[in-house]
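Coordinate inspection notes
Single-letter residue listing:
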Amino acid sequence: MIKTELSNFIKNQALSLGFESCGIARATRIPESEIAHFHSWLDNKRHAGMEYMTKHSEKRYDPRLLVEGCRSLIVVALNYEPKERQNSEAPRIAKFAYGQDYHKLIRTKLRLLLQKINGQESNIHGRAFTDSAPIAERYWATQAGLGWIGKSHHLIIPGKGSAFLIGELLVDIDLVYDTPMPNHCGNCRRCLDACPTKAIDETLGIDANICLSYLTIEKRGPFNPKEASLISKNYNLFGCDSCQDACPWNRFSSKNDCPELQPKKDFLETKREDFKKMSEVEFKNLFAGTCLERTGYKGFTRNLSVL
């Protein structure tokens, strides 16, 4: 099969597996300007306690070091915009965490995609990733022509919004490569103004030290008084959607149809009082298989205690 036919086949199969969008980028080292920007973010300690961001630098800069013989990145986006929102009086949980944990879901779909590719061209080797390896995911999403990185530092897909999870399939074949598109944020700064802790800087990047998503998901250990105050004031239990809720591109978003990402009815109906008195057994029953397992009951009660 010629490269054009195989590339089109890959994109069509990705859509049939439930991905909203798929593009392809040539595997190469990322530009020095991108590397310098990342180093500046680290030097300014905006990564907070995420020390893993300082490791495996060379692999982060060059995906060919992650997968031997890698020549192409097949980049996909999975829509997680929910059909329904949680109880409005309940502590806020980010929309991406409503359903099952996306890590296993996306990797499983990408492995199925690799099987389909090998049904057309045998002996193609690849490896699936999503938010689980030192890959500059948003950069590669732009190189694969999926969209652009907004001022919120989220990937924005034109006509579809920003409620997307990104995954990559690194393969050892040459394909037809897509072209990056221009940034269409213009003078809009709604996401910057909407950030409840002013953690987003258009140039410097997100300051995880005061980002509600970092504090309620990634941070380990107790909160200091400032952190506790930020969380309490904004009533966020797990993650934050403020910048995305404010983005005008999300008026074009559609609800996801992925069965695994649909929230449980019990979760949608859980009220403030239910969270306050929730036992560890009840927590495990309600959030089994979701991203909230990442914080565990201990992290859940830590977050809840400052609301």
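The model shown is predicted, which means the values in this text are computed figures rather than measured ones.

1. Section: the side chain of E137
Assignment of secondary structure puts E137 in helix α5 (residues 137–143). Within the structure, E137 has its side chain in polar contact with the backbone nitrogen of D131 (distance 2.8 Å). Ignoring sequence-local partners within four residues, the contact set of E137 consists of T130, D131, I166 and E168.

2. A closer look at the nonpolar core
The biggest cluster of nonpolar side chains holds 49 residues, and the ones touching the most others in it are I74, I93, F96, L113, L169, F275 and F287. Here this core gets seven residues from one element, more than from any other, and that element is helix α4 (residues 102–118). Filtering out sequence-adjacent residues up to four positions away, L169 remains in contact with S72, L73, I74, L110, L113, L114, I117, G126, R127 and A128.

3. Let's talk about the packing of aromatic side chains
Each aromatic ring pair is characterised by the separation of its centres together with the angle its planes make. Applying the stated criterion to the full structure yields 15 aromatic pairs. Their ring planes at 50° and their centres at 6.3 Å tell us that F287 and F300 sit as a pair that is tilted. With F287 in helix α12 (residues 280–287) and F300 in helix α13 (residues 296–305), this residue pair connects regions lying 13 residues apart in the sequence. Looking at F300, the relative accessible area reads 2%, which means it is buried. Among the aromatic residues, ring-to-ring pairing joins Y98, F267, F275, F283, F287, Y297 and F300 into one connected group.

4. Re the layout of surface pockets
Considered as a void within the structure, the second largest pocket measures approximately 260 Å³ in volume. In terms of lining, the second largest pocket is formed by 18 residues, of which the most central are R85, Q86, R92, I93 and Y98. Residue assignment for the lining of the second largest pocket shows that the elements contributing at least two residues are β3 (92–93), β10 (236–238) and α9 (242–246). In terms of residue class, the lining of the second largest pocket is made up of seven nonpolar, six polar and five charged.

5. Topic: the pattern of salt bridges
Applying the stated criterion across every chain yields a total of 15 salt bridges. Here K160 makes a salt bridge to E20, at a shortest N to O gap of 3.8 Å. Of the two residues, K160 sits in the loop between β6 (155–156) and β7 (164–171) while E20 sits in the loop between α1 (3–16) and β1 (21–26), which places them 140 residues apart along the sequence. When the shortest N-O distance is used, the salt bridge between D245 and K95 registers 3.6 Å. With D245 in helix α9 and K95 in the loop between β3 and α4, this residue pair connects regions lying 150 residues apart in the sequence. Its relative accessible area of 44% is what places D245 among the partly exposed residues.

6. Considerations on a negative patch on the surface
A cluster of acidic residues, E89, E273, D274 and E282, forms a negative patch at the surface. For E89, the location among the structural elements is in the loop between β2 (72–79) and β3.

7. A word on the sheet that holds β1
Ordered in space as β1-β2-β7-β4, the four strands form an open sheet in which the pairing is antiparallel. Here the strands that pair on one side only, and so sit at the sheet edges, are β1 and β4 (126–129). This sheet shows a mean twist of 20° between the axes of neighbouring strands, independent of strand direction. Sheet strands in contact with α1 are β1 and β2, and its direction is about 145° off that of β1. On the sheet, α4 packs against β2, β4 and β7 and is oriented at approximately 40° with respect to β7.

Each value, and the rule that gives it
Residues numbered from 1 in each chain as written. Predicted model: local features only at pLDDT ≥ 70, side-chain atom pairs only at ≥ 80, totals over all residues. Heavy atoms only, no water. Helix = DSSP H or I, 4+ residues; strand = E, 2+ residues; numbered from the N terminus. Polar contact = N/O pair within 3.5 Å; in protein donor to acceptor, adjacent residues only side chain to side chain. Contact = heavy atoms within 4.5 Å. Core = buried A, V, L, I, M, F, W, Y, C linked by side-chain atoms within 4.5 Å. Buried < 20%, exposed > 50% of the residue type's maximum accessible area, 1.4 Å probe, protein only. Phe/Tyr/Trp six-rings, centres within 6.5 Å; stacked < 30°, edge-to-face > 60°. 1 Å grid on protein atoms, 1.4 Å probe; cavity = no way out; pocket = protein on both sides within 12 Å on 5 of 7 lines; lining within 4 Å. Points joined across faces, edges and corners; volume = space filled by probe spheres on them. Nonpolar A, V, L, I, M, F, W, Y, C, P; charged D, E, K, R; others polar. Salt bridge = Lys/Arg side-chain N within 4 Å of Asp/Glu carboxyl O. Patch = residues over 30% accessible without salt bridge, like charges linked within 9 Å, V, L, I, M, F, W, Y side chains within 5 Å. Areas by Shrake-Rupley, 256 points an atom, 1.4 Å probe, with all protein chains shown as cover. Lys, Arg positive; Asp, Glu negative; His and termini not counted. Charge placed at Lys NZ, Arg CZ, Asp CG, Glu CD. Pairing = 2+ DSSP bridges. Axes fitted to C-alpha atoms, helices over the stretch in contact; angles between N-to-C directions.

Function cannot be inferred from these measures alone, as they are strictly geometric.
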